[in-house]
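What follows is each chain in one-letter form.
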Amino acid sequence: MGLIKDILYKTSNKQMLGVVKNQSIFPYYHLVNNKDVTHIKHLYQFKNIEKFKQDLDTLLKYYKPLDPSLFTNTRTKIIIPKNHFLLTFDDGLSEIYNIIFPILKQKGINAVFFINPDFIDNNESLYKHDLSIIIESLKTSHYKKNTIDKIVKILGIETNTSLPQLTTTIKQIKQSQNNIIEDIADLLNIDLYQYIETHKPYLSKSQIQEMIHSGFYFGGHTMSHPRLLELSIEKQKKEVIDSIKWLKTNFNIDYSFFAFPFSDKGISKALINEIFKYDESAVIFGNSGIKKDVNNRIIQRFSLENPNKHTEKQIVTENLYKYYNKAIGKYKIKRN
Ligand SMILES: [Zn+2]
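Residues numbered from 1 in each chain as written. Predicted model: local features only at pLDDT ≥ 70, side-chain atom pairs only at ≥ 80, totals over all residues. Heavy atoms only, no water.

For the chain, the name recorded in an unreviewed UniProt entry is NodB homology domain-containing protein, with Flavivirga aquatica as its organism. Regarding the chain, the relevant UniProt record gives this comment under Subcellular location (unreviewed entry): "Secreted". (UniProt positions renumbered as here; feature names shortened; annotations may be inferred.)

What follows covers unusual backbone geometry. With a phi angle near 40°, Lys 200 is a residue other than glycine that sits in the positive phi range. Within the fold, Lys 200 resides in the loop between helix H10 (192-199) and helix H11 (205-213). Residue Lys 200 is classed as partly exposed on the basis of its relative accessible area, which comes to 40%. At His 225, a residue that is not glycine, the phi angle is positive and equals roughly 55°. With respect to the helices and strands, His 225 occurs in the loop between strand E6 (217-220) and helix H12 (233-251). By relative accessible area, His 225 is classed as buried at 4%. (Helix = DSSP H or I, 4+ residues; strand = E, 2+ residues; numbered from the N terminus. Buried < 20%, exposed > 50% of the residue type's maximum accessible area, 1.4 Å probe, protein only.)

Let us look at the coordination of the zinc ion. Protein-derived coordination of the zinc ion comes from Asp 91 (OD), His 221 (NE2) and His 225 (NE2), at a distance range of 2.1 Å. Sequence positions of the donors to the zinc ion reduce to the motif D-x129-H-x3-H. You'll find His 221 and His 225 in the same group, each marked buried. (Donors = N, O, S within 2.8 Å, 3.2 Å for Na, K, Ca; no water.)

This next bit is on the UniProt feature "domain: NodB homology" (unreviewed entry) in the chain. Sequence positions flagged by UniProt for "domain: NodB homology" (unreviewed entry) are, in local numbering, residues 83-336. Between the C-alpha atoms that bound residues 83-336 the distance is 32 Å, and the span itself is 47% helix and 11% strand.

Take helix H9 (residues 178-187) next. Every buried residue of H9 is listed here: Ile 180, Ile 181, Ile 184 and Ala 185. Buried residues in H9, looked at end-on, bunch into an arc of 135°, giving them a common side. In this structure, H9 carries Asn 179 and Asp 186 as exposed residues pointing more than 90 degrees from its buried face. Against helix H6 (127-140), helix H7 (145-155) and H10 lie the buried residues of H9. Asn 189, located one to two residues past H9, shows a positive phi value of around 60°. (Arc of directions from axis to C-beta. Contact = heavy atoms within 4.5 Å.)

Rendered as structure tokens:
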């Protein structure tokens, strides 16, 4: 959270939710788990089952669940009814099937899940998850100075780097530097393939099929979760559209849902035009908070994943931030 949001959070109180609840909201998460998850641990924090269930009760107390079928009506203008919420989950982690799916069914809440086809069935992993596994190993195993020196050399940073500095540098490794990730894993004796094989961090096709049968919705999240802005527009288009097509081919679905990986900040009008050229009734999800985008088929979301934040206060904060953005002329997203 930025400085302004921090101030708004401190001044907000949960009674204000009754005042701002007319604004429909689109919270997102990645996973829910009571246990530590090594491939996520060093990337972001998440809620346990009890806190997630409390979130759902809070949402149901103040809002009505929005049925994603609202978005599958092709060609009609999307009109989002007031005072609704729709949950979305990014990255297709296995907790979605094992933990979240049963809870949502029990509560009668629908949701949209955004997945990366490259990782479905656990043949490959998201590079950020590999980085978290590497950092965990660095923090918990005792490696010889000689090994650490070799890693420092690979990363091209100063010798005698402290562990926190080393992990910060590792977190900044880019997807295109895959060879570096493999070299470091080798040096640390980490078998990333064995990790995926053992832990199965991602959904399988049959799990997705079962969830679709139960009435849940799926959307693309690119094939391999790259930072889109590091790719050419042609490659961006391929990553995005292939992920939507993959769902259609494998599960016979007829709608096109998509959520940007990492962030929608800086995403060009050209890419958005390409998506609507592919399917004019596509629905695209960003994560810029409560904002208005260049097309009314782009829905903006905010995260409710942080377990240290009070949910009601957080929703109020996002609404107050909307008014702040309106006041400074940043409510409408501009795209080049
Ligand atoms: Zn993601």
